Amino acid sequence: MSIATNIQTIRTSLPQEVKLLCVSKYHTIEEIQEAYNAGERCFAESRVKELQEKYAALPQDIEWHFIGHLQTNKIRPLLPMVSLIHGVDSLYLLEAIEKEAEKQDISQPINVLLEVKVAQENTKYGFTPEQLRQIKTVHTPHPKVCIAGIMGMASNTTNEKQIAQEFQTLYEVFEDLKQTIPTVKVLSMGMSNDYHIAIQHGSNLVRIGSAIFNNA
Ligand SMILES: *Cc1c(COP(=O)(O)O)cnc(C)c1O
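Residues numbered from 1 in each chain as written. Predicted model: local features only at pLDDT ≥ 70, side-chain atom pairs only at ≥ 80, totals over all residues. Heavy atoms only, no water.

Undergrad: Teacher, can you tell me more about the overall build of the protein here?
TA: For the protein, the helix and strand inventory stands at nine helices and eight strands. Overall size of the protein, expressed as C-alpha extent along the three principal axes, is 50 × 45 × 30 Å. In the protein, which comprises 216 residues, the proportion classed as buried is 50%. Within the structure as shown, the protein displays about 10,800 Å² of accessible surface, and the carbon and sulfur contribution to it stands at 49%. Distance between charge centres in the protein, computed from 20 positive and 25 negative side chains, equals 3 Å. (Helix = DSSP H or I, 4+ residues; strand = E, 2+ residues; numbered from the N terminus. Buried < 20%, exposed > 50% of the residue type's maximum accessible area, 1.4 Å probe, protein only. Areas by Shrake-Rupley, 256 points an atom, 1.4 Å probe, with all protein chains shown as cover. Lys, Arg positive; Asp, Glu negative; His and termini not counted. Charge placed at Lys NZ, Arg CZ, Asp CG, Glu CD.)

Undergrad: Before we go on, may I ask you to explain helix H3 (residues 48-57) in this structure?
TA: Every α-helix winds through 3.6 residues per turn, so residues three or four apart in the chain are directed the same way. Within H3 the residues assigned to the buried category are Val48, Glu50, Leu51 and Lys54. In an axial view of H3, the angular spread of the buried residues amounts to 150 degrees, which keeps them on one side of the axis. In H3, those exposed residues whose orientation departs by more than 90 degrees from the buried face are Lys49 and Ala56. Those residues of H3 that are buried are in contact with helix H2 (29-37), strand S2 (42-45), strand S3 (63-66), helix H4 (75-78) and strand S4 (82-88). (Arc of directions from axis to C-beta. Contact = heavy atoms within 4.5 Å.)

Undergrad: Please explain the site of the ligand as it appears in this structure.
TA: The immediate surroundings of the ligand are formed by Val23, Lys25, Ile67, Met151, Met153, Met191, Ser192, Arg207, Ile208, Gly209 and Ser210. Ser192 is positioned with one of its side-chain polar atoms (N or O) 2.5 Å from an oxygen atom of the ligand. Here the ligand has 390 Å² of accessible area as a free molecule, and 83% of this is covered by the chains. Going through the elements one at a time, strand S6 (145-153) and strand S8 (205-208) are the ones with two or more residues in the shell around the ligand. Its residues assigned to classes, the shell around the ligand comprises six nonpolar, three polar and two charged. (Near = heavy atom within 4 Å. Polar contact = N/O pair within 3.5 Å; in protein donor to acceptor, adjacent residues only side chain to side chain. Nonpolar A, V, L, I, M, F, W, Y, C, P; charged D, E, K, R; others polar.)

Undergrad: Can you walk me through the side chain of His201 in this structure?
TA: With respect to the helices and strands, the residue His201 is situated in the loop between helix H8 (195-200) and S8. Residue His201 is classed as buried on the basis of its relative accessible area of 18%. Excluding its chain neighbours within four sequence positions, the residues that come into contact with His201 are Ala164, Phe167, Gln168, Tyr171, Leu187 and Met189.

Undergrad: Would you mind showing me how to read the layout of surface pockets here?
TA: To find the voids left in a structure, one rolls a probe of water-molecule size over its atoms. Its boundaries defined by the atoms lining it, the second largest pocket holds a volume of some 230 Å³. Forming the boundary of the second largest pocket are 14 residues, of which His139, Thr140, Pro141, Ile147 and Ile181 lie nearest the centre. Contributions of two or more residues to the lining of the second largest pocket are made by helix H6 (129-138) and S6. Ranked by the residues each element gives to the lining of the second largest pocket, the list is headed by S6, at three residues. Across the lining of the second largest pocket, the residue classes tally to seven nonpolar, five polar and two charged. (1 Å grid on protein atoms, 1.4 Å probe; cavity = no way out; pocket = protein on both sides within 12 Å on 5 of 7 lines; lining within 4 Å. Points joined across faces, edges and corners; volume = space filled by probe spheres on them.)

Undergrad: Would you take a moment to explain the packing of aromatic side chains for this structure?
TA: The relation between two aromatic rings is expressed through the spacing of the ring centres and the mutual angle of the planes. Going through the model one piece at a time under the given rule, you end up with one aromatic pair. Taking 6.0 Å as the distance between ring centres and 45 degrees as the angle between the ring planes, the aromatic pair formed by Phe43 and Trp64 counts as tilted. Of this pair, Phe43 sits in strand S2 while Trp64 sits in strand S3, and the two are 21 residues apart along the sequence. One exposure class covers both Phe43 and Trp64, and it is buried. Above the ring of Tyr36, the side-chain terminus of Arg41 is found at 3.5 Å from the ring centroid. (Phe/Tyr/Trp six-rings, centres within 6.5 Å; stacked < 30°, edge-to-face > 60°. Lys NZ or Arg CZ within 6 Å of the ring centre and 35° of its normal.)

Undergrad: Sorry if this is basic, but what is going on with unusual backbone geometry here?
TA: In most cases, non-glycine residues show a negative phi, while peptide bonds are predominantly trans. Even without a glycine there, the phi angle at Tyr26 is positive, about 70 degrees. Within the fold, Tyr26 resides in the loop between strand S1 (19-23) and H2. A positive phi angle, near 55 degrees, is found at Asp105, a position not held by glycine.

Undergrad: Just to check I follow, could you spell out the nonpolar core for this structure?
TA: Grouped burial of nonpolar side chains is what soluble globular proteins tend to show. In terms of nonpolar packing, the biggest core is built from 63 residues, with Ile85, Ile97 and Ile150 touching the most fellow members. A per-element tally of this core places helix H7 (residues 160-180) first, with seven residues. Contacts of Ile85, omitting those with residues within four sequence positions, involve Phe66, Leu70, Leu78, Leu79, Ile97, Ile110, Asn111, Val112 and Leu113. (Core = buried A, V, L, I, M, F, W, Y, C linked by side-chain atoms within 4.5 Å.)

This is a description of form; function is not addressed.
Next up, the structure:
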């Protein structure tokens, strides 16, 4: 199936209030252009260098998101290109982004999502729900960085009940954080294999790569 057909199929299954983020990492500029021509404007990359090349080659009205594990020495080139950084997984990284945002004198605050760890695999990055609760007390809001919400990943398993439980936990963390951080609005969860379940548990931003690009 073509990229355009894949996108159409996915779009049909998404409720109006759920935003589609096309995960274009490892895919070519031509493939991204194809998705763009099909109407998509929101893409995500996981490496700063790869994003730089694509950012320079593709239309300027693309909204780029960063979904990778961000190293502090890559924050500087990243900031001018992105509208949302998904995986902020430590207070240290959050503060490094704040420092750099201040240096660059950007006009709009940088939007970030705090990554929350709910999956069973111990390799996943992120705050535990308990650590996140503490953030609210130890972190002072910064004028140049906006905590726009949370992102998370379910375990890589075929056990749908477990996936559903993990998404439900993320949803509860999200609702809880909203009470104390008024800028929190985005719940980023759900990928190609589990986005249907994520939506049932309140996701309003799904990150879909292979279902768009790999089946093309
Ligand atoms: C690669 C990636 C995705 C997309 O995964 P697919 O299974 O290809 O849809 C989503 N989120 C993150 C954080 C990723 O790294």
